[in-house]
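# What the coordinates show
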Amino acid sequence: MSKVYSAEEVAKHNKEGDLWVIIDAKVFDLSKFANLHPGGRTVLLDEDIAGKDATTAFFGLHRHEVLLIPRYARLQIGTLRGSKEQIMAPKPGDLSGVPYGEPTWMTPGFYSPYYKESHRKLQVFMRKFVEEIVMPDAQDREEDGKRPSSYVVEESAKCNLHAMRLGPGKHLKGLTLAGGIVTPEEFDYFHELIITQELCRIGFRGYSDGMQGGMVIGLPPVLNFGRPELKAKIVPEVLSGKKFICLAISEAFAGSDVAGLKCTATKTPDGKHFIVNGTKKWITNGHFSDYFTVACRTDKGLTVFLIERGEGVETKQIKTSYSSAAGTAFITFENVKVPVENMLGPENGGLLVVLSNFNHERWVIAGSSARTQRLIVEECLKWGHQRYVFGKSLLEQPVIRAKLSKMIARVEAIQGWLENITYQMCHMNYNEQSNKLAGQIAFFKMYCTQTAQLTAEDATQVCPRTGMGRVIEHYHRTVPFDALLGGAEDVLGDLGVRQAMRNIPKNTKL
Ligand SMILES: Cc1cc2nc3c(=O)[nH]c(=O)nc-3n(C[C@H](O)[C@H](O)[C@H](O)COP(=O)(O)OP(=O)(O)OC[C@H]3O[C@@H](n4cnc5c(N)ncnc54)[C@H](O)[C@@H]3O)c2cc1C
Ligand code: HEM
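As the structure is a computational prediction, the values presented were derived from the model and not from experiment. (Residues numbered from 1 in each chain as written. Chains lettered and ligands numbered in written order. Predicted model: local features only at pLDDT ≥ 70, side-chain atom pairs only at ≥ 80, totals over all residues. Heavy atoms only, no water.)

### Some words on empty space enclosed by the protein
What counts here: Both cavities and pockets are sets of points on a 1 Å grid over the protein atoms alone; in a cavity a 1.4 Å probe fits but cannot get out, in a pocket the set is open with protein on both sides within 12 Å along at least five of seven lines, and lining residues sit with an atom within 4 Å of a point. Grid points are joined across faces, edges and corners, and a volume is the space filled by probe spheres set on the points. Secondary structure elements follow DSSP: runs of H or I of four or more residues count as helices, runs of E of two or more count as strands, with numbering from the N terminus.
The final tally for this structure, using the stated rule, is two cavities of 30 Å³ or more. Broken down by secondary-structure element, the contributors of at least two residues to the lining of the largest cavity are helix H13 (350-356) and helix H14 (358-386). Estimated volume of the second largest cavity: approximately 50 Å³. Around the second largest cavity, the lining residues are Pro103, Trp105, Met106, Gln123, Leu193, Ile194, Gln197, Glu198 and Arg371.

Given below as structure tokens:
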């Protein structure tokens, strides 16, 4: 592998069965691989490729990571005399050098009033964690459609990532967070935002949701409304990654219309149990969950229960546009006996329980959307820079630059708004957040998911392919979900305006 070849030597190997190429000063022997090449044998035998420097052609068709895959890296037999490798693979933890590839607070030479030393250290920790532990598994599981591997869940538990993903609060007390980078007392919404934004950089949406997406929305009702004995049992099991939980509100019958749910819970005559009957649909992680936080219709309203997998509970995987790694399920409850002690919040007071975590959930979804849009901007800038058509790079085409200008402006605007809302959250208690931020967060999530769809369309025009454009293709296919999750876009817009209407001073006139 350390052999050095001249261009003349390489040029002699230019035919079927004896085929070498140069890619970025590295010499590859493709003689045997040609028959296995996913792009076919003929392209490699082309007179401009076989025995020649194929760097430009290669990077116009492949992601750099192809050369890092061990079975392909082994094809390298040496290097080209007098040339130096130009393309540097990022090391785990590296920041992107592509303009707008990182939010300004992480870009050298820029400033921010929001982030302290512990935020910056957590970002570095998370970047390495995602690239070393999560990313390799995400790639494999996206291929085979299985749920995230247990070692990823265990490694996440070791640094208390599951607990941190629920945000600041009492559940962090006494825990060592990210090896001690941040104390439970100083952990705030900016720390949580960093975790959310670093995790979604993997670009595999189904896998991201498979990584305890259900816990992020299903455990808070237990933490906030469960009885102490129930919390003492469930919370440690879930935060240690030994058990899984999901939030089961939506049904085939009703999604936005929470009050219209049909799943019922009927109290037994002795008052000790409820009998649950009904179905739930689109439940993230439901297929592999041990616990279900379920909204049911009771005699005078809605009641939320913690239901354990057992007799009468069945889950079936639903096919969605993203990978089955998310474990999205259709659930049936048939005469499931649930102890009254498993009630979360008051009987018939379930609507409040359901609504209580919506602001947080929407802020998490919007924060992910903001960061994933940035990832798409970075992909498009890289692609536009390396793809040559009509003798020049795509970035030299004004029409491509016009698309990028809109994509970049949107992504910068939403990160700025996001950081403002996050700052308010850090300084407001729960009631203040509910009163003052429900509208802001609703509008913000609506705006994020609308801009996300525009960005998906623009990006698909810039890089409309699988393989090279796999991140963009995946994004375009899955981004419409965000408009629905945690409250449909239109419903949220309306909620924000209605909240504003309530607060217009009575004595105001034009
Ligand atoms: C991938 C995925 C994962 C999900 N994960 C979960 C989960 O883990 N747990 C869970 O409980 N649910 C989950 N859901 C369900 C999701 O919360 C619902 O899809 C969402 O609440 C919308 O409900 P619906 O699909 O029944 O749409 P509907 O309520 O039928 O609404 C359809 C459309 O009508 C419009 N609309 C309806 N009502 C109004 C109104 N009042 N004002 C203005 N416009 C309105 C909106 O445009 C809306 O998008 C998931 C969904 C998907 C796609
Ligand atoms: C070390 C050398 C090479 C390796 C390891 C390699 C590997 C691959 C792989 C893994 C793919 C599938 C990519 C995907 O779908 O993401 C692919 C596709 C392809 N390759 Fe290569 N390749 C090499 C060199 C070349 C060269 C020199 C050319 C020159 C033209 C070429 C042309 C193509 C084409 C046309 C495709 C199909 C692209 C598409 O469907 O979008 N490859 N190659």
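Resuming the write-up.
### Structural notes on unusual backbone geometry
Using the following cut-off: Burial classification: accessible surface area is computed with a 1.4 Å probe over protein chains only, and a residue below 20% of its type maximum counts as buried, one above 50% as exposed, and the rest as partly exposed.
One non-glycine residue with positive phi stands out, namely Ala25, at about 65°. Structurally, Ala25 is set in the loop between strand S3 (18-23) and strand S4 (26-29). For Ala25, a relative accessible area of 11% puts it in the buried group.

### Some points on the pattern of salt bridges
Let me state the cut-off plainly: Here, a salt bridge means any side-chain nitrogen of Lys or Arg that lies within 4 Å of a carboxyl oxygen of Asp or Glu.
Inspection of every chain in the model, using the stated rule, returns 25 salt bridges. A salt bridge links Glu473 to Arg477; its shortest N-O distance comes to 2.9 Å. Note that Glu473 and Arg477 are positioned in helix H17 (residues 470-478) at a spacing of four residues, about one turn of the helix. In this structure Arg477 comes out as partly exposed when scored by relative accessible area, which is 36%. Through salt bridges with shared partners, a single network forms among Arg63, Glu65, Glu379 and Arg470.

### Quick notes on the pairing of strand S7 (residues 264-267)
How we decide: By definition, two strands form a pair when at least two bridges between them are found by DSSP.
The pairing of S7 with strand S8 (residues 273-283) spans four bridges and is classified as antiparallel. Across the sheet, the residue bridging to Ala265 is Val276, located in S8. Here S7 folds back onto S8 in antiparallel fashion, the turn holding five residues, of which Gly271 has a positive phi close to 75°.

### What about the coordination of the iron atom of ligand 2?
Formally: Distances define the donors: N, O and S atoms within 2.8 Å of the metal qualify, as do those within 3.2 Å of Na, K or Ca. Water is excluded, so some sites may look unfinished. Angular criteria define each label, namely tetrahedral for four donors with all angles between 85 and 135 degrees, square planar for four and octahedral for six donors with opposite donors over 155 degrees apart and remaining angles between 65 and 115, and irregular for whatever fails these tests.
Here the iron atom of ligand 2 is held by the protein donor atoms His37 (NE2) and His62 (NE2), which lie 2.0 Å from it. Around the iron atom of ligand 2, the six donor atoms sit at angles spanning 84 to 178°, and that spread fits a shape best called octahedral. With His37 in the loop between S4 and helix H2 (42-45) and His62 in the loop between helix H3 (55-59) and helix H4 (70-73), the pair connects residues that are 25 residues apart, well separated along the chain. In this pair, the class of His37 matches that of His62, namely buried.

### Description of the nonpolar core
Heads up, the rule is: Here the nonpolar core consists of buried residues drawn from Ala, Val, Leu, Ile, Met, Phe, Trp, Tyr and Cys, with membership extended through side-chain atoms lying within 4.5 Å. Boundary definitions for the domains trace back to an automatic or database domain assignment. The contact criterion used throughout is that any non-hydrogen atoms of two residues lie within 4.5 Å.
Among the nonpolar cores identified, the biggest contains 52 residues, and Val134, Tyr207 and Leu219 are the most heavily contacted of them. Split by domain, the residues of this core number at least three in each of domain 2 (104-211) and domain 3 (245-354). Excluding anything up to four places from it in sequence, Val134 contacts Phe129, Val152, Ile202, Tyr207 and Met211. Membership of the second largest hydrophobic core comes to 23 residues, among which are Cys380, Cys463, Tyr475 and Val479.

### Details of the state of the cysteines
Applied cut-off: For this text, the term disulfide refers to a pair of cysteine sulfurs within 2.5 Å.
One pass over the structure, following the stated rule, counts zero disulfides. Distance from the sulfur of Cys200, which forms no disulfide, to the nearest cysteine sulfur (Cys448) is 11 Å. Cys463 takes part in no disulfide bond, and the closest cysteine sulfur, belonging to Cys380, lies 6.6 Å away. Exposure remark for Cys463: the relative accessible area of 2% places this residue in the buried category.

### Description of the side chain of Ser356
On the secondary structure map, Ser356 appears in helix H13. Relative accessible area serves as the criterion here: at 15%, Ser356 is assigned to the buried category. Not counting the four nearest positions on each side in its chain, Ser356 is found in contact with Phe225 and Tyr430.

### Quick look at the site of ligand 1
Cut-off, in case you're wondering: The criterion for a residue being near a molecule or strand is simple. One of its heavy atoms has to lie within 4 Å of it. Side-chain atoms alone can form a polar contact between residues adjacent in sequence; in general such a contact is a pair of N or O atoms within 3.5 Å, and within protein one must be able to donate a hydrogen while the other accepts it. Using a 1.4 Å probe, the Shrake-Rupley method yields the accessible areas, and only the shown protein chains count as cover for residues. Ten residues, namely Ala, Val, Leu, Ile, Met, Phe, Trp, Tyr, Cys and Pro, are considered nonpolar, four, namely Asp, Glu, Lys and Arg, are considered charged, and the remaining ones, Gly among them, are considered polar.
Ligand 1 sits among 16 residues. The nearest are Leu247, Ser250, Ser256, Trp282 and Asp490. The contact in question runs from a nitrogen atom of ligand 1 to an N or O atom on the backbone of Trp282, over 2.6 Å. At a separation of 2.3 Å, an oxygen atom of ligand 1 approaches a polar side-chain atom of Asp490. Here ligand 1 loses 67% of its free accessible area of 970 Å² to cover by the protein chains. Looking at the shell around ligand 1, the elements that each hand over two or more residues are S8 and helix H18 (489-502). In the shell around ligand 1, the residues fall into 11 nonpolar, four polar and one charged. Shared between two domains, the shell around ligand 1 holds at least three residues of each, these being domain 3 (245-354) and domain 4 (358-502).

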